[in-house]
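Summary of the model geometry
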Amino acid sequence: MLQLEFADSEISRITVDPQNASLLRIDFAAALLRMTDSNDANPNPLGCGNNRYGYSQGVSLLLTTTHTSGDAAACTGRLSDGSITDVTDATHAGQRRTELAVPSQCNVPLRLDLQCANGAWLQIHATSLQCVQAADARWVEVFKC
């Protein structure tokens, strides 16, 4: 299973669909992905865990937006923080998720908060979010212990 981790991922561009201003696309130059293998019964003897980390340039978020605030034009480069909050779920209201399954689709009202290392921020209220990875996306593994 692949999980996109917002912190330390890098955004290359944010674009609005010219035919529909409520469709927003966020393309990652280097999305930090964590690959987990829940079937691995042999933990890493160095204590690094069973997760593998890597970067991929072929990950995008597609959002149907209702409201955005912040500076989308300046929100590029490395993210220092990011989260998704489901704004309809009373049980988990306010609970931040800092990662997202790749690929995935969410069709409930949500809020995406992005904080760039350069100080720019963006808050997006959306009715749907889709996380996609291009078929030709490359995976470059990094080692985190």
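Structural data are supplied above this passage.
Note that the coordinates shown come from a computational prediction; the quantities given were computed from them, not determined experimentally.

Conventions we followed
- Along every chain, residues carry numbers that run from 1 in the direction the sequence is written.
- Under the rules for a predicted model, residues below a pLDDT of 70 receive no local features and side-chain atom pairs below 80 are neither given nor counted, while totals for whole chains, interfaces and linings still include all residues.
- Computation of side-chain values covers all heavy atoms of the structure but excludes hydrogens and water.
- Under the DSSP-based scheme used, a helix requires at least four consecutive residues in state H or I and a strand at least two consecutive residues in state E, with every element numbered from the N terminus.
- Contact criterion: two residues are considered in contact whenever any of their non-hydrogen atoms come within 4.5 Å of each other.
- Accessible surface is estimated by sampling points in the Shrake-Rupley manner with a 1.4 Å probe; for residues, cover comes only from the protein chains shown.
- Burial classification: accessible surface area is computed with a 1.4 Å probe over protein chains only, and a residue below 20% of its type maximum counts as buried, one above 50% as exposed, and the rest as partly exposed.
- Here, a salt bridge means any side-chain nitrogen of Lys or Arg that lies within 4 Å of a carboxyl oxygen of Asp or Glu.

1. Details of the overall build of the chain
Scanning the chain from N- to C-terminus turns up 0 helices and 10 strands. Mapped from its N terminus to its C terminus, the chain presents α and β elements in the order β-β-β-β-β-β-β-β-β-β. In the chain, once contacts between residues fewer than 6 apart in sequence are set aside, the share between residues at least 24 apart is 71%. Carbon and sulfur atoms provide 50% of the accessible area of the chain, an area that totals close to 8,000 Å².

2. Observations concerning the environment of threonine 15
Counting through the fold element by element, threonine 15 comes out in strand E1 (residues 2–17). With relative accessibility at 33%, the residue threonine 15 sits in the partly exposed group. The sequence separation of threonine 15 and arginine 25 amounts to 10 residues, and the corresponding C-alpha distance is 5.2 Å.

3. Side note on the pattern of salt bridges
Tallied over the entire structure, the rule returns 8 salt bridges. Residues arginine 78 and aspartate 8 are paired through a salt bridge, measuring 3.0 Å at the closest nitrogen-oxygen approach. Highlighted residues: arginine 78 in strand E5 (residues 77–86) and aspartate 8 in strand E1, separated in sequence by 70 residues. Residue classification places arginine 78 among the partly exposed positions, given a relative accessible area of 38%. Note that arginine 52 is salt-bridged to glutamate 141, the shortest N-O span being 3.2 Å. Note that arginine 52 is positioned in strand E3 (residues 52–56) and glutamate 141 in strand E10 (residues 139–142), a separation of 89 residues in sequence. For arginine 52, a relative accessible area of 35% gives the class partly exposed. Through salt bridges that share partners, Glu5, Arg34 and Glu99 make up one connected network.

4. Remarks on unusual backbone geometry
Here the residue pair valine 102 and proline 103 is connected by a cis peptide bond, since its omega of -5° sits within 30 degrees of zero. We note that aspartate 8 has phi near 80°; this positive angle belongs to a residue other than glycine. What makes aspartate 8 partly exposed here is its relative accessible area of 30%.

5. Examining the environment of leucine 61
The residue leucine 61 is located in strand E4 (residues 59–70) in this model. Excluding its chain neighbours within four sequence positions, the residues that come into contact with leucine 61 are Leu4, Phe6, Leu24, Arg25, Ile26, Phe28, Leu100, Leu112, Leu129, Gln130 and Cys131.

6. Structural notes on the environment of isoleucine 124
Along the chain, the position of isoleucine 124 falls in strand E9 (residues 121–133). Put simply, isoleucine 124 and histidine 67 are 57 residues apart on the chain and 6.0 Å apart in space, counted from C-alpha to C-alpha. Among residues more than four places away in sequence, those in contact with isoleucine 124 are Leu24, Ile26, Leu63, Thr65, His67, Thr68, Leu110, Arg111 and Leu112.

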